[in-house]
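Analysis of the macromolecular model
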Amino acid sequence: MLQGIGLSKNFQGKYVIRDVDITVRRGEIIGLIGPNGSGKTTLVRLLSGEETPDSGQVVLEGKPLVAFAAKERAQRVAVLPQEGLSPVAFTVQEVVAMGRYPHESAWSWLERRMDSMVETVLTKTGLTEDRHRPVQHLSGGQRQRVAIAKAMAQEPHCFILDEPTTYMDIAHQIAVLDEIKEWQRERELAVLVVFHDLNLAAHYCDRILAMKDGRIVREGPPDSLLTASLIREVYDVDAAVIRHPVTGVPQVLLSPGETTVSLLSRSRTIG
Amino acid sequence: MNWLVRLSWHGGIWTGVLLLMVMLAASWGSADITIPDVWRVIRAHIWPLAVDSGDPATHAIIWEIRMPRVVLAGLVGAALAGAGVVFQGLLRNPLADPYVLGVSSGAALGAAVAILTGWGIAWFGVWNTSIWAFLAGLFALLLVIWLSKAAAARSLSGSGILILSGVVVQALFGAMLTYILSISEEQLQRIQFWLMGSLSMREWSHSAVLFPFLITGLGVLWCLSPRLNLLTLGEREAYHLGVPVERTRTILLLAATLMTGTAVAVSGIIGFVGLVIPHIQRLLCGPDHRVLLPVSALSGAAFLIGADLLARVAMEPREIPIGVVTAFIGAPFFAWLLRSKSNQLS
C-alpha cells in the first residue's frame, strides 16, 4: 500500500530521519509514537510527498510516489496536518466539497447535480445541520471533524493523521477517533496516525511503531509492545503499565516528579 | 450548483450598476448632456444598424472625450480589484492589495523609467510602458515576499510582517519614483499624475493597451479560482488535495501583477481599490473565488468610474487626482479593518 524504503532526511547536516523502513498495509491502523523531535512529523511529510527524502524512496501501490500526478496522488492519500483546518469563511459544506477536488475534471462544474458523495459524508459525520455555517465560527473540535469529513469525501485508500486529537477535550478525542476507526473498517483503509497519547494509541492501533532520534526502534502490536521497558527506552521515563480493567488493553501510568532532571537536559538538546 | 446561481445574481446586479455608472459618468460634466444622449451615442457605436441622429458636437464630447476616460477608469478598476482578490486569497492576508504590497509603486517606477528614457520602445512599441511596469511591479512583489519570509524565518510571524515589508518596499520605490520625476523635465502635473493617479487626458489607445492584458489576466485567474479556493485553506492542505501548489501560486501572482502593472502604466498609482472592493464583495457574495473574482472586477470598475467622476466634478473646474479620492475612502476602511480583524493579524 504505502511504503517507505530506507528513508533518510537531514536538515543542516543533521539527520532527522535515518534509514527508516515503514509499511502501511490495507485495513490496518498504525500508530507512530515517540518523543518530540524524534522525527515523527518529518516521516509523515516524507510519506505524504510533502518533502522528498535525501535517500530512499516512498512507494504507493507499487509505484514511486513521485511518479503520481498531483490529483492522482490526492485520490489515494489524504492527510490531516497537525495544525488543523484554518478558520476560513467557507461553509462546512463548501469545505467538504473541496475534498472532491481530486476527483473533479476541469469541466465537472458543468454537471448540474451536486456530487452525492458530499451529501453522504455530511450525513455520516453528523454535520448536516451545520452544513451552512462558516468554518471560522466553529470550535476547534468541530473544525477537526469538518477536516475529517473533507478527507472522507476525498475517498482515499490511505489516510495519514498527524496528532489529530491535540487541543481536544476527551469527549471529542474519543468521538473523532471512533469515527476514523469506523470509516477505516468500512473501507479497509490503510491509516497512519501520529499519537502523543500512548493510552489512546493502545486502544485504536493494530500496530505501533516507536521512534527515537530519527529511527524506528521498536515495532509491534500494542499488547506486546507497550511495556515499561519500552517507555524507559524511548521516552526516558519510568512508568507503570497495567491492563485496562474492561478492555484488557495495556495502559500507561506515569509517576511524576522522578524524571524532571533527565527531561530538562534532553529538551535543551532539542531546542 | 450553488455558486453559478450566486454568480448570475451578483454578476447581473453589478453589471447593471456598472452600466448605470457609465451612463451617469458620461453625461455628467460642464457640457449639458443627458443620459439618453449617452445611450444614443453608445448604441450607434456598438450596434451596427443604429445611427446617431443627434448633434455632432455632443457626439464628439461623449465619444471622444468622456467615454475614453470612463472606459479606462472601468478597466483600471476591474484590474486593481481583481488583483486585490488574488493577493488577499493567495497570501491569506486581509490587508493585502496591490497598493499596500508596493506592487503599484514598483510598477509606477518601471513605467516612469520607460517613459522618460524610452528604453525598449523599439522592441515593444505601444506595449513598452506596460511591460516595464509589469516587470518592475513583479520585482517589488518578489522583494516583499522575500523580505517577509526572511522575517518569518526569524520567528517574526503573523501577516502583519507582509504589510510591513510592503510599506518598506513602497517607501523605497516611491522615493525613487519621486526622485526620477523631480530630476526630469516633465511638468509638475505629470509628477502628481504618477504619484496619486489620474485618468485625465486619456484616449482610446490607452484602453486598447490595457484591455488585452486585463482580459487575459482575469481569464487565467478565473480558470484557477477553484484552486485559489483550496489555497485559502493553506498551501499544505491544497497540496494534499492535489493542487500543484508552486505552479499555481506562480501563475496567480504573475497574472495579478500583470493586471496591476498594466493598469498602473496607464493611470499611475491608485490605491485601496484592491483592498476595499474584495472585502465588501466577500461580505456580499461569500468567499468563493469563482463568484468573488468576476463580481469584484465588475464592482471595482463601477467604483473607479464613480471615483473618477467625483475627482472630475467635485471641485470643478479643478480636478483632484483620483488616488486622493480612493485614499479618502480606502484609508479609513483600512483603519477599520485593522481594528476589527486585529485578532487575525497577530
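The sections below set out a description of the structure shown in this document. Counting restarts for each chain: residues are numbered from 1 in the order of the written sequence. As a convention, the first chain written is A and the first ligand written is 1, with the rest following in written order. Local features are withheld for residues below a pLDDT of 70 in this predicted model, meaning they are given only at 70 or higher, and side-chain atom pairs are given and counted only at 80 or more; totals for whole chains, interfaces and linings count all residues. The side-chain values count all of the structure's non-hydrogen atoms but skip hydrogen atoms and water molecules.

1. Quick word on the overall build of chain A
Helix and strand definitions here come from DSSP, where helices need a minimum of 4 consecutive H or I residues and strands a minimum of 2 consecutive E residues; each element is numbered from the N-terminal end. Looking only at helices and strands, one finds 10 helices and 12 strands in chain A. Taking 271 residues into account, the globule formula puts the C-alpha radius of gyration at 18 Å, and chain A, at 19 Å, falls close to it. Along the first, second and third principal axes, the C-alpha atoms of chain A reach 65 × 40 × 35 Å. The cut-offs for exposure are 20% and 50% of the maximum accessible area for each residue type, with area from a 1.4 Å probe on protein chains only; residues under the lower value are buried, those over the upper are exposed, and the others partly exposed. The burial tally for chain A puts 48% of its 271 residues in the buried class. Contacts in chain A between residues at least 24 apart in sequence constitute 65% of all its contacts with a sequence separation of at least 6. About 12700 Å² of surface is accessible on chain A, with carbon and sulfur atoms providing 51% of the total. The size measure is the radius of gyration over C-alpha atoms, and the globule rule it meets is 2.2 Å times the number of residues to the 0.38 power. In what follows, a contact means two residues having at least one pair of non-hydrogen atoms within 4.5 Å. Areas reported as accessible are Shrake-Rupley estimates using a 1.4 Å probe. Residue values count occlusion only from the protein chains shown.

2. What about unusual backbone geometry?
One can expect most non-glycine residues to show negative phi and most peptide bonds to be in trans. Residues and elements named next belong to chain A. Although it is not a glycine, Gln-12 sits at a positive phi angle of roughly 50°. In this structure, Gln-12 sits in the loop between strand E1 (2-11) and strand E2 (14-24). Gln-12 sits in the exposed class, given a relative accessible area of 85%. Even without a glycine there, the phi angle at Asp-19 is positive, about 55°. Tracing the chain through its elements places Asp-19 in strand E2.

3. Section: the packing of helix H1 (residues 2-27) of chain B against helix H13 (residues 273-285) of chain B
How two helices sit against one another is set out by the angle between their axes and by the gap between those axes. All names here are of chain B. Only C-alpha atoms enter the line fits that serve as axes; for helices the fit covers just the stretch in contact. Angles between N-to-C directions range over 0 to 180 degrees. Two elements in contact, H1 and H13, have axes separated by 12 Å at closest approach and are oriented at 130°. Regarding the angle of H1 to H13, the classification is oblique. H13 is crossed by H1, and the crossing has right-handed handedness. Note on element contacts: H13 touches H1 through Gln-281, Leu-284 and Cys-285, opposite Arg-6, His-10 and Trp-14. Residue type decides the class: Asp, Glu, Lys and Arg count as charged, Ala, Val, Leu, Ile, Met, Phe, Trp, Tyr, Cys and Pro as nonpolar, and the leftover types, Gly among them, as polar. For the contact of H1 with H13, a count of residues per class yields three nonpolar, two polar and one charged. In this scheme, roughly parallel covers angles under 35 degrees and roughly antiparallel covers those over 145, while 65 to 115 is roughly perpendicular and the rest are oblique. Left-handed describes a crossing whose near helix is turned anticlockwise from the far helix through less than a right angle; right-handed describes the clockwise counterpart.

4. Section: the pattern of salt bridges
Oppositely charged side chains can form a pair if their charged atoms are brought close together. Any Lys or Arg side-chain nitrogen found within 4 Å of a carboxyl oxygen on Asp or Glu counts as a salt bridge. What the rule picks out here adds up to 26 salt bridges over all chains. Among the ionic pairs, Glu-72 of chain A bridges to Lys-63 of chain A, the shortest N-O distance being 3.9 Å. Classification of Lys-63 of chain A by relative accessible area gives partly exposed; the value is 32%. The closest approach of N and O atoms between Asp-130 of chain A and Arg-133 of chain A, which form a salt bridge, is 3.6 Å. For Arg-133 of chain A, a relative accessible area of 33% puts it in the partly exposed group. Members of the salt-bridge network, linked through shared partners, are Arg-45, Glu-50, Glu-51 and Glu-83 of chain A together with Arg-236 of chain B.

5. Remarks on the sheet that holds E1 of chain A
All names here are of chain A. Pairing is antiparallel in the open sheet, where four strands are placed in the order E2-E1-E4-E5. Lying at the two open borders of the sheet, with one neighbouring strand each, are E2 and strand E5 (63-64). Direction of pairing for E1 relative to strand E4 (residues 55-60): antiparallel, over a ladder of five bridges. Along E4, the bridge assignment pairs Gln-3 with Val-59. Those strands touched by helix H1 (residues 40-47) are E1, E2 and E4, and its axis lies near 125° from that of E1. At least two DSSP bridges between two strands are required for those strands to pair.

6. Comments concerning the packing of aromatic side chains
By convention, a stacked pair of Phe, Tyr or Trp rings (six-membered ring in the case of Trp) has centres within 6.5 Å and planes under 30 degrees apart, an edge-to-face pair has planes over 60 apart, and any other such pair is tilted. Scanning the entire structure with this criterion turns up 10 aromatic pairs over all chains. With a centroid separation of 6.4 Å and 80° between ring planes, the pair formed by Trp-123 of chain B and Phe-124 of chain B is classed as edge-to-face. When its relative accessible area of 73% is taken as the criterion, Trp-123 of chain B is described as exposed. On the basis of relative accessibility, which here comes to 36%, the residue Phe-124 of chain B falls in the partly exposed class. Measuring from ring centre to ring centre gives 6.4 Å for Phe-272 of chain B and Phe-334 of chain B, while their planes differ by 70°; the resulting arrangement is edge-to-face. Of this pair, Phe-272 of chain B sits in the loop between helix H12 (245-267) and H13 while Phe-334 of chain B is found in helix H15 (residues 322-340), placing the two residues 62 residues apart along the sequence. Under the relative-accessibility criterion, Phe-334 of chain B is labelled buried at 17%. Aromatic rings pair up to connect Tyr-99, Phe-272 and Phe-334 of chain B into one cluster. A positively charged side chain is recorded as over a ring if its NZ (Lys) or CZ (Arg) lies within 6 Å of the ring centre. The angle to the ring normal must also be within 35 degrees. Between Lys-63 of chain A and the ring centre of Phe-68 of chain A, over which it is positioned, the NZ or CZ distance is 4.5 Å. The ring of Tyr-101 of chain A carries Lys-71 of chain A above its face, with NZ or CZ at 4.5 Å from the centroid.

7. A closer look at the nonpolar core
Residues Ile-33, Val-96, Val-146 and Phe-195 of chain A together with Val-76, Phe-87 and Leu-101 of chain B are the most contacted members of the largest nonpolar core, which totals 148 residues. Of the residues forming this core, the biggest block, 17 residues, is contributed by helix H3 (residues 56-90) of chain B. When residues no more than four places from it in sequence are discounted, the contact partners of Leu-101 of chain B are Phe-87, Leu-91, Ala-96, Leu-141, Val-144, Leu-162 and Gly-166 of chain B. Nonpolar cores are built from buried Ala, Val, Leu, Ile, Met, Phe, Trp, Tyr and Cys residues. Side-chain atoms within 4.5 Å join them into one set.

8. As for the side chain of Asn-128 of chain B
Residues and elements named next belong to chain B. Tracing the chain through its elements places Asn-128 in helix H6 (residues 128-153). Residue classification places Asn-128 among the buried residues on the basis of a relative accessible area of 1%. Residue contacts for Asn-128: discarding those within four places in its chain leaves Ala-114, Gly-118, Trp-119, Gly-120 and Ile-121.

9. Let's talk about the state of the cysteines
All names here are of chain A. In this description, the term disulfide denotes a pair of cysteine sulfurs within 2.5 Å. Tallied over the full model, the rule gives zero disulfides over all chains. In this structure Cys-158 is not part of a disulfide, and its nearest cysteine sulfur, from Cys-205, lies 14 Å away. A relative accessible area of 7% places Cys-205 in the buried class.

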